[in-house]
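Breakdown of the fold
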Amino acid sequence: MSYISLKNVSYQYPYSKQFALQDINLELKKGKFYGVIGQNGGGKTTLCNTIRGLIPHFYKGELSGEVLIDGTDVRNWNTGELSAKIGYVFQNPFTQISGIKETVFEEIAMGLENLGIEKNKIIESVISVSELLSISDLLEKNPNQLSGGQRQRVAFAAIIAMDAEMLVIDEPTSQLDPQGTEDVFAIIDKLKTSGKTIILVEHKVSLIARYCDQVIVMSDGKIALNGLAKAVLSDPRLEEFGATPPEVVHFGYAMQKAKKPLTEIPITVEEAVSLVEKRGKQS
Amino acid sequence: MDTLIQHYSDLYNHDQKSGNWFGDFNPLSKLNILLVIGLCGFFIQDWRFSLGVCILEYLFAALNGKFKYFNSIFLRLIFIIGVFIILIRELSYKVENPTIMFNLLGWKWTWEAFYEGLRLGTVILSFSGAIILFYAFTTMRDLMYSLEQKGVSHATSYVMLASFQTIIDLRASVVTIMESQKARGIETQGNPLVRLKAFFPIITPLLLGALSSSEEKFVAMDARAFAVERKHTFLRQLRKVPAYEKLAVVAIDAAFAALVLYKLVRLFVH
């Protein structure tokens, strides 16, 4: 059974004549890592807001169709309980800091305090998450005085600490340097290994290719492509839908054009290296 | 990791200590005591009393290591409130047969208006001083925590705390926008008119930005299970109010009640 199920879902923001989502049918299974890509304004964030229940609970507008979260219609979910079930990290690190806590430690602990977790467990969780995200040295700092990248890590840590069954993550690395981005992806991958269901919106397709099980391409509020990462990211129509394939995919097609095809189109550099080696041995 | 766990267990499983005897008072006790001290001036209406309170507030801040904080805000208030009120009173306060202090290009300054300004100015300053002292010795999180323990809702305490932070954030945004305006060659410094001309166009984008970020703030708070209907845990732990602190509050409140009663009786007798 699907963990999240969207059936014929369409949505219009209040006062908007255009559909932000149009006739969406999507089944998300427990324990899988889904990547969402597509052009800006294609409906990625709106899809996240729907899965997270912010639509229709916070963003009113016109929602039609059926959104089931763990078998229950999103309209029947209590918003507080939904926030404990589905963690949400979004793009802007500056508004994700509560603004009311004086140390990073207390900022990360805030969600756990709200959930009524026992004090010693809160302390253990905060320390363990801060070590995971390499922010132990920030614990005593004022969260309002951190850089964008540091805030992004703290906001991410605060959500991970809450240990929700599912995580919806909207561009968590927009303020991070390449190493920081790699670290965050490695952590997301670890979360997936521990059984979490993850939906990640991200423009860095090479990382999506490396980590995600399945990729959803959004274009003009519709799902343009949906399937296994390999199939979607090597689909020749990808660019038509405003998404950029990983560079290594171009290499695969260039090899085909040069009449030296690889056995399949690679989507990661590691895969390309292995396919080239294989081809070299064959010839 | 174990050392960190030990450190934070020690920190949060014991009462929060500020290292200062008055700082360790319960936030509501501090608020009560300082409000009463600040309000006395309004009932006594004598500039000598209010000035004395201001001096005592200065001394109290200095003796308890808060002089720099107190002085930086209070000095500005002396110029903004104190001087302004005296000027306004000199302009507006009229009496028969005034005693002239001096004549400034036809503007006659009188002792009566000066004392009237001094009375009102020192009353406001002594009250403001008490509020500054309160903030010098209290963190907002401890105030909200003690309010929540008294039954104030979680949402109300968040709104109060977040409002303070919003003021700080808005100020930071103004500085950032003004700096970028300056980088674009727009004059942002100089006489008040130039500053006003530079500031006026940024008000609308500033407020719109604040409005849109408040929507994201809601989502962020929702993500932190703010709306969950469960008993919350409080990481910080405040000291149980000791008997001497309760006694101090009761004594000060009783003295204040007696003062108010005395003033009311006098009002009705006369």
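For every chain, the first residue of the written sequence is number 1, and numbering continues from 1 along that sequence. Chains carry letters and ligands carry numbers; both start at the beginning, A for chains and 1 for ligands, and go up in the order they are written. The predicted nature of this model means local features are confined to residues of pLDDT at least 70 and side-chain atom pairs, given and counted, to a pLDDT of 80 or more, with totals for whole chains, interfaces and linings taken over all residues. Each side-chain value is worked out from all heavy atoms of the structure, with water and hydrogens disregarded.

1. Examining the sheet that holds strand β2 (residues 21–28) of chain A
All names here are of chain A. Going by this rule: A pair of strands is treated as paired once DSSP finds two or more bridges between them. The helix and strand labels rest on DSSP assignments: H or I over at least four residues marks a helix, E over at least two residues marks a strand, and numbering proceeds from the N terminus.
What the four strands build is an open sheet, ordered β2-β1-β4-β5; its pairing is antiparallel. Strand pairing shows two members of the sheet lacking a second neighbour, β2 and β5 (72–73), which therefore form its edges. Alignment of strand β4 (residues 62–69) against β5, held across two bridges, turns out to be antiparallel. When the bridges of β5 are listed, isoleucine 69 appears paired with threonine 72.

2. As for a nonpolar patch on the surface
Our working rule: For patch building, the residue pool is restricted to those with more than 30% relative accessible area and no salt bridge; the joining distance is 9 Å between like charges and 5 Å between nonpolar side chains (Val, Leu, Ile, Met, Phe, Trp, Tyr). Every accessible area reported is derived by Shrake-Rupley at a probe size of 1.4 Å, with residue values counting cover from the shown protein chains alone. In the sections that follow, a salt bridge refers to a side-chain nitrogen of Lys or Arg positioned within 4 Å of a carboxyl oxygen of Asp or Glu.
Side chains of B:Leu51, B:Ile55, B:Leu56, B:Leu59 and B:Leu63 sit close together on the surface and give an oily, nonpolar patch of about 510 Å² of accessible area. Its place among the elements puts B:Leu51 in helix α3 (residues 47–63).

3. Considering the state of the cysteines
Covalent bonding between the sulfur atoms of two cysteines is what defines a disulfide. Quick reminder of the rule: Our working definition of a disulfide is a cysteine sulfur pair at a distance within 2.5 Å.
A full pass over the atoms with the stated rule returns zero disulfides over all chains. A disulfide-free cysteine, A:Cys48 has its sulfur positioned 12 Å from the sulfur of A:Cys212, the nearest such atom.

4. A word on the layout of surface pockets
Quick reminder of the rule: Site definitions follow a grid-based scheme: protein atoms alone, a 1 Å grid, a 1.4 Å probe that fits but cannot get out for cavities, and for pockets an open set with protein on both sides within 12 Å along at least five of seven lines, plus lining residues having an atom within 4 Å of a point. Grid points are joined across faces, edges and corners, and a volume is the space filled by probe spheres set on the points. Any residue outside Ala, Val, Leu, Ile, Met, Phe, Trp, Tyr, Cys, Pro, Asp, Glu, Lys and Arg is labelled polar, Gly included; the first ten of those are nonpolar and the last four are charged.
Computed from the structure, the largest pocket encloses a volume of approximately 760 Å³. Lining of the largest pocket is provided by 30 residues; of these, A:Phe94, A:Thr95, B:Asp169, B:Ser173 and B:Ser213 occupy positions nearest its centre. Elements supplying a minimum of two residues to the lining of the largest pocket: α7 (154–183) and α9 (203–223) of chain B. Take the lining of the largest pocket: its biggest share by element is twelve residues, from α9(B). Residues that form the lining of the largest pocket fall into these classes: 13 nonpolar, 13 polar and four charged. Its boundaries defined by the atoms lining it, the second largest pocket holds a volume of some 620 Å³.

5. Quick notes on the domain arrangement of chain A
Residue and element names in this part refer to chain A. We count it as follows: An automatic or database domain assignment supplies the residue ranges for each domain. Contacts are residue-level and defined by heavy atoms, with any inter-residue pair within 4.5 Å sufficient. For any pair of parts, buried area is found by adding up, for both, the accessible area (1.4 Å probe) each one loses once the two are put together.
Looking at chain A, the domain boundaries give domain 1 (4–232) and domain 2 (246–283). Centre-to-centre separation of domain 1 and domain 2, based on C-alpha positions: 34 Å. Contact with domain 1, which involves six residues of that partner, is made by eight residues of domain 2. Between domain 1 and domain 2, roughly 510 Å² of surface is buried when both sides are summed, and carbon and sulfur atoms account for 65% of that area. Ranking the residues of domain 1 by area buried against domain 2 places Ala209, Arg210 and Lys230 at the top, with a combined share of 79%. At the junction of domain 1 and domain 2, the tally comes to two salt bridges.

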